[in-house]
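Summary of structural features
Take a look at the letters that make up each chain.
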Amino acid sequence: MGEAREVMDRLTDAVTTHADLKVIAELYAEDAVAFTPDEGELRGRDDIVEYWRGMTEAVPEATFQSLHSYEVGDTAIDEGIFSGRNTGPLELPNGETLPPTQKEIRIRGVDIATVRDGRIVDYRLYFDELDFLGQLGLLPPDEPF
């Protein structure tokens, strides 16, 4: 196992099983860049940690089931299922905060982390945001045509 894989595994653990913002902060370079489907581009460790703070508070007992795990050079790639119950407030990109829905979520996604000198410098997260919001009951009901 190389450095990228080790760092990605530690990040996954710090976001889910043992949620820890301090560990998350230690894993990102100060000038790291991240791309997420819900917040877009995040620049710098502080903004990235704030993103993970929101997620770990919204789904504090989340788990991650790995489906595929790869490492190519300085980059680790994971595909898996993030799941848990929304028991904390959920911050929306527009600044609004929604109260907990108490609904279970199960979201399939992909993370890609490029690591240099033991820290993530480039991070990309992909998941279906509409699926996430739908599972939380936050989308209007389907209307028949």
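Rules of the game
- Residues numbered from 1 in each chain as written.
- Predicted model: local features only at pLDDT ≥ 70, side-chain atom pairs only at ≥ 80, totals over all residues.
- Heavy atoms only, no water.
- Phe/Tyr/Trp six-rings, centres within 6.5 Å; stacked < 30°, edge-to-face > 60°.
- Helix = DSSP H or I, 4+ residues; strand = E, 2+ residues; numbered from the N terminus.
- Buried < 20%, exposed > 50% of the residue type's maximum accessible area, 1.4 Å probe, protein only.
- UniProt positions renumbered as here; feature names shortened; annotations may be inferred.
- Salt bridge = Lys/Arg side-chain N within 4 Å of Asp/Glu carboxyl O.

1. Quick notes on the packing of aromatic side chains
Per the stated rule, a full pass over the model turns up four aromatic pairs. Measuring from ring centre to ring centre gives 6.0 Å for Tyr 28 and Tyr 123, while their planes differ by 80 degrees; the resulting arrangement is edge-to-face. You can see Tyr 28 sitting in strand β1 (residues 28-36) and its partner Tyr 123 sitting in strand β8 (residues 119-127), a full 95 residues away along the chain. Relative to Phe 132, the ring of Phe 127 lies with its centre 5.9 Å away and its plane at 80 degrees, an arrangement referred to as edge-to-face. We classify Phe 132 as buried; its relative accessible area is 6%. A connected cluster of aromatic rings, assembled from ring pairs, spans Tyr 28, Tyr 51, Trp 52 and Tyr 123.

2. Some details on the UniProt feature "domain: SnoaL-like" (unreviewed entry) in the protein chain
The sites that carry the UniProt feature "domain: SnoaL-like" (unreviewed entry) are, in the present numbering, residues 10-123. The span residues 10-123 is 24% helical and 49% strand by assignment, and the distance between its end C-alpha atoms comes to 14 Å.

3. Looking at the pattern of salt bridges
Within the structure shown, the criterion is met by 10 salt bridges. With its nearest N and O atoms 2.6 Å apart, the salt bridge here joins Glu 91 to Arg 53. In this pair, Glu 91 sits in strand β5 (residues 90-91) while Arg 53 sits in helix α3 (residues 45-58), placing the two residues 38 residues apart along the sequence. A salt bridge links Asp 122 to Arg 124; the nearest nitrogen and oxygen atoms lie 3.0 Å apart. The exposure class of Arg 124 is partly exposed, given its relative accessible area of 27%. Each member of the salt-bridge network shares a partner with another, and the members are Glu 50, Arg 53, Glu 57 and Glu 91.

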